[in-house]
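# Descriptive analysis of the structure
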Amino acid sequence: MINLSTPAVWYPGQSDVDFKEEVSRMMSRAYMTRDFLQGTIAPDQLLDFLDDEGFDIFELAEDWGLGDGVSS
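Residues numbered from 1 in each chain as written. Predicted model: local features only at pLDDT ≥ 70, side-chain atom pairs only at ≥ 80, totals over all residues. Heavy atoms only, no water.

### Brief notes about helix α2 (residues 43-52)
What counts here: Exposed residues in this analysis have more than 50% of their type's maximum accessible area, buried residues have under 20%, and partly exposed residues fall in between, with area computed by a 1.4 Å probe over protein chains only. Secondary structure follows DSSP: runs of H or I at least 4 residues long count as helices, runs of E at least 2 residues long count as strands, and numbering of each begins at the N terminus. The arc in question is the one spanned by the directions pointing from the helix axis to the C-beta atoms.
Along α2, the positions that sit buried rather than exposed are Leu46, Phe49 and Leu50. Viewed end-on, α2 has its buried residues packed into an arc of 95 degrees, placing them on one side of the element.

### Some remarks on the pattern of salt bridges
Heads up, the rule is: Any carboxyl oxygen of Asp or Glu that lies within 4 Å of a side-chain nitrogen of Lys or Arg is treated as forming a salt bridge with it.
With the rule as written, the count across this model stands at 5 salt bridges. In this structure, the salt-bridge partner of Arg25 is Glu22, at a minimum N-O distance of 3.4 Å. Highlighted residues: Arg25 and Glu22, both in helix α1 (residues 16-37), separated by 3 residues, approximately one helical turn. For Arg25, a relative accessible area of 30% gives the class partly exposed. Judged by relative accessible area, Glu22 falls into the partly exposed class, the value being 26%. Linking Glu53 and Arg29 is a salt bridge whose minimum nitrogen-to-oxygen distance equals 3.5 Å. Pair noted here: Glu53 is in the loop between α2 and α3 (57-64) and Arg29 is in helix α1, with a separation of 24 residues, a long-range link. Glu53 gets classed as partly exposed once you look at its relative accessible area, which sits at 23%. Accessibility expressed as a relative area gives 17% for Arg29, which makes it buried.

### Some points on the confidence of the model for the chain
Basically, it comes down to this: Every residue gets a pLDDT, meaning the predictor's confidence in that residue, from 0 to 100.
Mean pLDDT for the chain: 83, with 81% of residues reaching 70 or above. The least confident element of the chain is α3, whose mean pLDDT is 80; the most confident is α2, at 91.

### A few points about α3
Put simply, the rule is: Contacts were defined at the residue level, with two residues in contact if any of their heavy atoms lie within 4.5 Å.
Restricting attention to buried positions, one finds in α3 the residues Ile57, Leu60 and Ala61. For α3, the arc enclosing every buried residue in end-on projection is 100 degrees, short of the 170-degree limit, so these residues lie on one face. Within α3, the exposed residues directed more than 90 degrees away from the buried face are Glu62 and Asp63. The secondary structure elements touched by the buried residues of α3 are α2.

### Let's talk about the nonpolar core
Test applied: Here, the term nonpolar core denotes a set of buried Ala, Val, Leu, Ile, Met, Phe, Trp, Tyr and Cys residues that are joined through side-chain atoms within 4.5 Å.
Within the largest apolar cluster, 7 residues are counted, these being Met32, Ile41, Leu46, Phe49, Leu50, Ile57 and Leu60. Those elements that place two or more of their residues in this core are α2 and α3. If you tally residues by element for this core, the top one is α2, at 3 residues. When residues no more than four places from it in sequence are discounted, the contact partners of Leu60 are Leu50 and Phe55.

Printed below as a string of structure tokens:
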């Protein structure tokens, strides 16, 4: 098993349950990113995962600077 590091920020008033849920989601994203970078999942699988997580994949692509090849 490969260990990954991901930042976790606890904010005042956040419950332990909410914090643990957020850490779990962050780790899921970290593992999916690792798998994508290692070539074990296809780009569309990563994009589907991020979309399911509530991210706007077109906005992410723009932030990543993928160019004009990505459009809605």
